[in-house]
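# Results of the structural survey
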Amino acid sequence: MPGNSSRRGAVRKGNSRKGPQVGTGGHKRRSLEGKGPTPKASDRPNHKAHKQARKAEASRPGSTKQGAGRRPQRSAKQSGELIVGRNSVLEALRMGVPATALYVAGRVDSDDRVKESLKIAADAVIPIMEAQRTELDRLADGTPHQGLALQVPPYDYAHPDDLIDPQLPGLQLVVALDGITDPRNLGAIVRSVAAFGGHGVIVPERRSAGMTAAAWKTSAGAAARVPVALAGNLTRTLTDFRKAGFFVIGLDMDGDVELPGLSLATEPLVVVVGSEGKGLSRLVRETCDQIVSVPMSSSVESLNAGVAASVTLYEVARLRSQG
């Protein structure tokens, strides 16, 4: 029919033409093809894990970003801490504990402790920050703060190699801690090292007390004069000291020799103090040149680690003064 043929030959306007058209073809199929496995979070530049990985790489010993020979760093223990409460803050400021900021609640009820804390902080050029009580509550994480909080920075640890220095005055004397987890014991030992002419303290990087605010306070300011070094591997560090000419003695109640008249006292010496519960670890014990015991009454099973270290350091200092 003429009408039908005319309709079949009609041309529709716009994009409504029937029949084959230039379409997407395989474009959509190709666009759906995978682009390979999803990169790990640490490989994605904008991901938090990537930044953390780069930070960890920079702090790794021997990293080019950190510099050759850079010292190992404490990770979780390096985050710093907050001292809260008027008595604790004032005591820390009196002891000279390093601080980066003193937080004071707005409209705090001022007493002698608050006034003295503000004066010490101002004299020490510690920034004094006014904070809302709700903010202090959050920072203190539920601990009663009484309107005062002191921010303490991470401790700047030395490296064990820094204590192997022939230029240090007098016979070298170092204390190493094996499994001491109470920061107050660490602080007491640092204080004893300063009192009896020691040159430093070594703590393991893992499973050990660190230089927290509690350790600073117990050291009574001695931590500002006595370096505390961080050892990635205590056994290997003690071996390095032996190669450098030191003798290593370990303290244990079942020692081979007794402390009075210790023959190695007049040599460069590392005194290793074990934990109160477990004592010296097996590998550390095997690394020592001698295991030394402190004689005491049979009614007492053992001494506190800090006390045992203090008694030993006193005896070493006494024997050296006689020689």
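Anything mentioned here points back to the structure above.
These notes cover the structure that comes with them. Here the structure is a predicted model, which means the values were calculated and not measured. (Residues numbered from 1 in each chain as written. Predicted model: local features only at pLDDT ≥ 70, side-chain atom pairs only at ≥ 80, totals over all residues. Heavy atoms only, no water.)

So, on to the pattern of salt bridges. One pass over the full model with this rule turns up ten salt bridges. Note that arginine 86 and aspartate 111 form a salt bridge whose closest N and O atoms lie 3.1 Å from each other. In this pair, arginine 86 is assigned in helix α4 (residues 86-94) and aspartate 111 in the loop between β2 (101-105) and α5 (112-123), connecting sequence segments 25 residues apart. In this structure, arginine 242 and aspartate 289 form a salt bridge, with 2.9 Å as the shortest nitrogen-oxygen distance. Note that arginine 242 is positioned in helix α9 (residues 234-243) and aspartate 289 in the loop between α10 (282-287) and β11 (290-293), a separation of 47 residues in sequence. Salt bridges here are not isolated pairs; linked through shared partners, they connect Arg86, Asp111 and Arg113. (Salt bridge = Lys/Arg side-chain N within 4 Å of Asp/Glu carboxyl O. Helix = DSSP H or I, 4+ residues; strand = E, 2+ residues; numbered from the N terminus.)

Looking now at the packing of aromatic side chains. When we look at a pair of aromatic rings, we describe it by the centre distance and by the angle of the planes. As enumerated under the stated definition, the model contains four aromatic pairs in all. Seen in terms of ring centroids, phenylalanine 196 and tyrosine 314 are 6.0 Å apart; in terms of plane orientation they differ by 70°. Their pairing is edge-to-face. Highlighted residues: phenylalanine 196 in the loop between α7 (183-195) and β6 (200-204) and tyrosine 314 in helix α11 (residues 305-322), separated in sequence by 118 residues. Judged by centre distance (5.0 Å) and plane angle (75°), the ring pair of phenylalanine 241 and phenylalanine 246 falls under edge-to-face. Pair check on accessibility: phenylalanine 241 and phenylalanine 246 agree, each one buried. Clustering of aromatic rings is evident, with ring pairs tying together Tyr155, Tyr157 and Trp216. (Phe/Tyr/Trp six-rings, centres within 6.5 Å; stacked < 30°, edge-to-face > 60°. Buried < 20%, exposed > 50% of the residue type's maximum accessible area, 1.4 Å probe, protein only.)

This next bit is on the sheet that holds β2. What links the strands of a sheet is backbone hydrogen bonding, and the strands pair in either a parallel or an antiparallel sense. Across the sheet, four strands lie side by side as β1-β4-β2-β3; this open sheet has mixed pairing. Only two strands of the sheet have a single neighbouring strand rather than two, namely β1 (81-84) and β3 (128-131). Strand-to-strand twist across the sheet, computed as the mean angle between neighbouring axes with direction ignored, equals 25°. With four bridges connecting them, β2 and β3 associate as parallel partners. Residue alanine 105 lies in a different strand from β3, and its bridge partner there is alanine 131. Of the strands in this sheet, β1, β2 and β4 (148-152) are in contact with α4, which crosses β4 at around 40°. Set on the sheet, helix α6 (residues 133-140) makes contact with β1, β2, β3 and β4; between it and β2 the angle comes to about 130°. (Pairing = 2+ DSSP bridges. Axes fitted to C-alpha atoms, helices over the stretch in contact; angles between N-to-C directions. Contact = heavy atoms within 4.5 Å.)

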